[in-house]
Amino acid sequence: MKSKFTLKLLSLLGFSSAVASCGMEPMYGCPPPPSMYGCPAPAFVDYTYEVEVKDADTNAPIEGMRVCAILRETGIHNSATGQYESWADTLATGTTNKQGKVTLVAQDHVAATHEITADDIDGAKNGGHYATVGTEVKTKLDDTLGTDGNTTYNIVLKTSKQSE
């Protein structure tokens, strides 16, 4: 009798909607946040970045470059200073192969801004010391509409050798 009353009370309070997201895929190895107070959990999209890194002078592919997909945000208000602070989160990272290519998959909110960077981590092994290079990708909601939740961007980064 007591358990029936508890179940009815929980259903009136919206408990069933709070566990509605149980069938969602885990993100970063963690379960998704539950729906709360009848509101759905945030929408996430898998962003695939097919990145190619080339020498700006010879157009040759560069092996051994670390490529990162970084989320940079501004808008966290620090009440002590009265300023808005920014932060960064590395969503995915990889190293280019002999063809200078790497594929990164990053899961993030719909309509996010990511920075794709490439930096030389092996020194002269790939033919010289290359400068760090990057580009900003502003994703849009329209990019994901009508898809299965996966969006692919092809990016070519060109860098030059640094003088030693």
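The structure displayed is predicted, hence computed values, not measured ones.

We now examine the confidence of the model for the protein. Mean pLDDT over the protein: 75, with 64% of residues reaching 70 or higher. Confidence, read as mean pLDDT per element, is least for helix 2 (residues 15–18) in the protein (46) and greatest for strand 5 (residues 113–120) (89).

All right, on to the packing of aromatic side chains then. Enumeration according to the criterion identifies 2 aromatic pairs in this entry. Between Tyr49 and Tyr153, the ring centres sit 5.5 Å apart and the planes meet at 25°, which makes this aromatic pair stacked. Placement of Tyr49 in strand 1 (residues 44–55) and of Tyr153 in strand 7 (residues 150–159) is noted, with a sequence separation of 104 residues between them. Per residue, the accessibility class of Tyr49 equals that of Tyr153, and both read buried. Members of the aromatic cluster, joined through ring pairs, are Tyr47, Tyr49 and Tyr153.

Once that is clear, we can look at the pairing of strand 5. Across the 8 residues of strand 5, 6 count as buried, placing the element largely inside the fold. Taken together, the 6 bridges between strand 5 and strand 6 (residues 133–138) define a ladder with antiparallel strand orientation. By the bridge assignment, His114 is partnered in strand 6 with Val137.

Inspection of the secondary structure puts Asp119 in strand 5. In terms of polar contacts, Asp119 uses its side chain to reach the side chain of Arg66, at 2.6 Å. Residues within four places of Asp119 in sequence aside, it is in contact with Met65, Arg66 and Thr132.

Phi is positive for Asn59, which is not a glycine, with a value near 65°. Within the secondary structure layout, Asn59 lies in the loop between strand 1 and strand 2 (65–78). Classification of Asn59 as partly exposed rests on a relative accessible area of 37%.

Analysis parameters
Residues numbered from 1 in each chain as written. Predicted model: local features only at pLDDT ≥ 70, side-chain atom pairs only at ≥ 80, totals over all residues. Heavy atoms only, no water. pLDDT = per-residue confidence, 0-100. Helix = DSSP H or I, 4+ residues; strand = E, 2+ residues; numbered from the N terminus. Phe/Tyr/Trp six-rings, centres within 6.5 Å; stacked < 30°, edge-to-face > 60°. Buried < 20%, exposed > 50% of the residue type's maximum accessible area, 1.4 Å probe, protein only. Pairing = 2+ DSSP bridges. Polar contact = N/O pair within 3.5 Å; in protein donor to acceptor, adjacent residues only side chain to side chain. Contact = heavy atoms within 4.5 Å.

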